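# Close look at the chain arrangement
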Amino acid sequence: MGSIPVIGTVGSWAVKLAFPSPERGAEAVLYAATVAEPGSYSGPTGIGETRGAVGTAKQSQWAQDPELAAVLWERSEELTGVHYTF
């Protein structure tokens, strides 16, 4: 029973290390909504794009694949039942 506080402390520390705070996480959304160029990808620009200042981040090859985007869009419509016509 004495190890549970240790696990909680280590777990809390690990979460803080691995994930940004809610405020930092919201920065990318606010940046995308107010500053970013349309069609760009916004997020952390630091090491591995998991930390650091928010700005225009790199897009992976998958994020730039129009065929994959179409498949994802179709599957999203199937799962949500929401259909949008351009």
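Below you will find a few notes about this structure. Quick caveat: nothing in here was measured; it's all calculated off a predicted structure. (Residues numbered from 1 in each chain as written. Predicted model: local features only at pLDDT ≥ 70, side-chain atom pairs only at ≥ 80, totals over all residues. Heavy atoms only, no water.)

For the rest of this paragraph, the subject is the pattern of salt bridges. This structure, assessed with the given rule, holds two salt bridges. Across the pair arginine 24 and glutamate 27 runs a salt bridge whose closest N-O atoms are separated by 3.0 Å. Here arginine 24 and its partner glutamate 27 are both found in helix H2 (residues 22-34), three residues apart, which amounts to about one turn of the helix. Glutamate 27 gets classed as partly exposed once you look at its relative accessible area, which sits at 30%. (Salt bridge = Lys/Arg side-chain N within 4 Å of Asp/Glu carboxyl O. Helix = DSSP H or I, 4+ residues; strand = E, 2+ residues; numbered from the N terminus. Buried < 20%, exposed > 50% of the residue type's maximum accessible area, 1.4 Å probe, protein only.)

Together, Trp62, Leu68 and Val71 give the surface a local cluster of nonpolar side chains, amounting to about 360 Å² of exposed area. Relative to the helices and strands, leucine 68 resides in helix H3 (residues 66-80). Residue classification places leucine 68 among the partly exposed residues on the basis of a relative accessible area of 38%. (Patch = residues over 30% accessible without salt bridge, like charges linked within 9 Å, V, L, I, M, F, W, Y side chains within 5 Å. Areas by Shrake-Rupley, 256 points an atom, 1.4 Å probe, with all protein chains shown as cover.)

With that out of the way, let us pick up H3. Helix length check: H3, at 15 residues, gives a terminal C-alpha distance of 21 Å against a target of 21 Å (1.5 Å per residue), a fit within 8%. Backbone nitrogen of glutamate 67 and a side-chain oxygen of the N-cap are separated by 2.9 Å at the start of H3; the cap is aspartate 65. A positive phi of about 75 degrees marks glycine 81, the residue just after H3. (Expected span 1.5 Å × (residues − 1). Polar contact = N/O pair within 3.5 Å; in protein donor to acceptor, adjacent residues only side chain to side chain.)

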